[in-house]
Amino acid sequence: QVQLVESGGGLVQAGGSLRLSCAASGRTISNYAMGWFRQAPGKEREYVAIRSGSTTVYADSVKGRFTVSRDNAKNTLYLQMSGLKPEDTAVYYCASAARLGLTVRATGYDSWGQGTQVTVSS
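Residues numbered from 1 in each chain as written. Predicted model: local features only at pLDDT ≥ 70, side-chain atom pairs only at ≥ 80, totals over all residues. Heavy atoms only, no water.

1. Thoughts on the packing of aromatic side chains
By convention here, two paired aromatic rings are described through the distance between centres and the angle between planes.
Logical step 1: Going through the model one piece at a time under the given rule, you end up with four aromatic pairs.
Logical step 2: When the centroid spacing of 5.0 Å and the interplanar angle of 55° are considered together, the rings of Phe37 and Trp112 count as tilted. Residue Phe37 is located in strand β4 (residues 34–39), and its partner Trp112 is located in strand β10 (residues 111–112); the two are separated by 75 residues in the primary sequence.
Logical step 3: With 6.3 Å between their ring centres and 80° between their planes, Tyr93 and Trp112 make a pair best called edge-to-face. Here Trp112 lies in strand β10 and Tyr93 lies in strand β9 (residues 90–96), a separation of 19 residues in the sequence.
Logical step 4: Taking the relative accessible area as the measure of exposure, Tyr93 reaches 14% and is therefore buried.
Logical step 5: In this structure an aromatic cluster arises from ring pairing among Phe37, Tyr93, Tyr109 and Trp112.
Logical step 6: Its guanidinium or amino end placed over the ring of Tyr32, Arg27 lies 4.9 Å from that ring's centre, counting from NZ or CZ.
Logical step 7: Stacked on the ring of Trp112, the Lys or Arg Arg45 has its end atom at 4.7 Å from the ring centre. (Phe/Tyr/Trp six-rings, centres within 6.5 Å; stacked < 30°, edge-to-face > 60°. Helix = DSSP H or I, 4+ residues; strand = E, 2+ residues; numbered from the N terminus. Buried < 20%, exposed > 50% of the residue type's maximum accessible area, 1.4 Å probe, protein only. Lys NZ or Arg CZ within 6 Å of the ring centre and 35° of its normal.)

See below:
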């Protein structure tokens, strides 16, 4: 059974930085697509970044500000967020797919973490 545990969320001022972590068990994340998604109140869940193999894609809204990295030894995925804006405020989720591929649809992922709140104040 795949388990994903996110951490690192919090309250930060606009322009600040945070690093989210997603510790995985039950699946070797380097062999599967992994994604970061977020959901703001009253909005649909949206993709932030997808990592599959050595390729990463980013949503236009975060491109140039967010960076995904992976520590294979720790089986952990990271999301480094800088230049944060109030509109980045959301619950951030880590997700794992049962295959490789750069799918940006949430339905393409079969395992999800519990989410971590990121709040950016203006």
